[in-house]
Amino acid sequence: TYLRPELPRLIEQQVLDFGRIVWPDGFMPEDRFRDRMHEVPDDTRHFVRSAGSLLVSHVQVIPIKLAGRDGPLVVGGVSSVMTYPPFRGEGHGSALLRRAAEHIDASGFRPGMLFCDRETIPFYERLGWHALDHGRVRVRPHPESDDEVMVLGDDQLLPNQLTLEWSW
């Protein structure tokens, strides 16, 4: 587990390499040559499984301030969930997501939230996440996004319609 400023550069580079292949839209066009992860608060937490300096799996939890139904919220924004293909099916991603959920709970973030593809919904559901109704969350630059939004915890804390400036 690393706070953002402590994340080893070699691990960060491997997360970026994976992202360029799997999520190329995050690197187009002005970000094609980006060699650092996006700026996030220093209390962002990275959960990592590695074999020495070789990255196996990674999950990031970003504290994100939002306007909730009853006032301000700090959501545990889960992102950069990845496991390199040779290590999939061995429980690495699940273990890191469980640790991330413990961190979200212990930090008082309410709720946890992530964006994913429709195909990965069952994976997250097995770990206690649930999908919001499609369209309840809109991202300003991409209002018609196909991304699904998953929540860990009480989604009633969120407004009925949530508009965000970015997806994580």
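See the structure above.
**Details of a nonpolar patch on the surface**
Among the surface-exposed residues, Ile21, Val22 and Trp23 lie close enough to one another that they form a single nonpolar patch of about 310 Å² accessible area. For Val22, the location among the structural elements is in helix α1 (residues 9–22).

**Here's the deal with the sheet that holds strand β4 (residues 71–83)**
Pairing is mixed in the open sheet, where seven strands are placed in the order β1-β2-β3-β4-β5-β8-β6. Two strands lie at the open edges of the sheet, namely β1 (2–3) and β6 (130–131), each paired on one side alone. Strand direction decides the pairing type here: β4 and strand β5 (residues 112–116), joined by three bridges, are parallel. Bridge assignment links Val78 to a residue of β5, and that residue is Leu114.

**Some thoughts on the pairing of strand β2 (residues 45–51)**
Pairing of β1 with β2, which is carried by two bridges, proceeds in the antiparallel orientation. The residue bridging Tyr2 from the neighbouring strand is His46, located in β2. Where β2 and strand β3 (residues 54–68) come together, seven bridges link them in antiparallel fashion. Looking at the pairing, Arg45 lines up with Val61 of β3. Counted along the chain from β2 to the antiparallel partner β3, the turn is two residues long, and its residue Gly52 has a positive phi close to 65°.

**Describing helix α2 (residues 92–107)**
Here α2 spans 22 Å end to end across 16 residues, near enough to the 22 Å set by a 1.5 Å rise per residue. Every buried residue of α2 is accounted for by His92, Gly93, Ser94, Ala95, Leu96, Leu97, Ala100, His103 and Ile104. Among the structural elements, β2, β3, β4, β5 and α3 (121–126) are those in contact with the buried residues of α2. The positive-phi residue at the C-terminal boundary of α2 is Gly108, with phi of around 80°.

Cut-off values and rules
Residues numbered from 1 in each chain as written. Predicted model: local features only at pLDDT ≥ 70, side-chain atom pairs only at ≥ 80, totals over all residues. Heavy atoms only, no water. Patch = residues over 30% accessible without salt bridge, like charges linked within 9 Å, V, L, I, M, F, W, Y side chains within 5 Å. Areas by Shrake-Rupley, 256 points an atom, 1.4 Å probe, with all protein chains shown as cover. Salt bridge = Lys/Arg side-chain N within 4 Å of Asp/Glu carboxyl O. Helix = DSSP H or I, 4+ residues; strand = E, 2+ residues; numbered from the N terminus. Pairing = 2+ DSSP bridges. Expected span 1.5 Å × (residues − 1). Buried < 20%, exposed > 50% of the residue type's maximum accessible area, 1.4 Å probe, protein only. Contact = heavy atoms within 4.5 Å.

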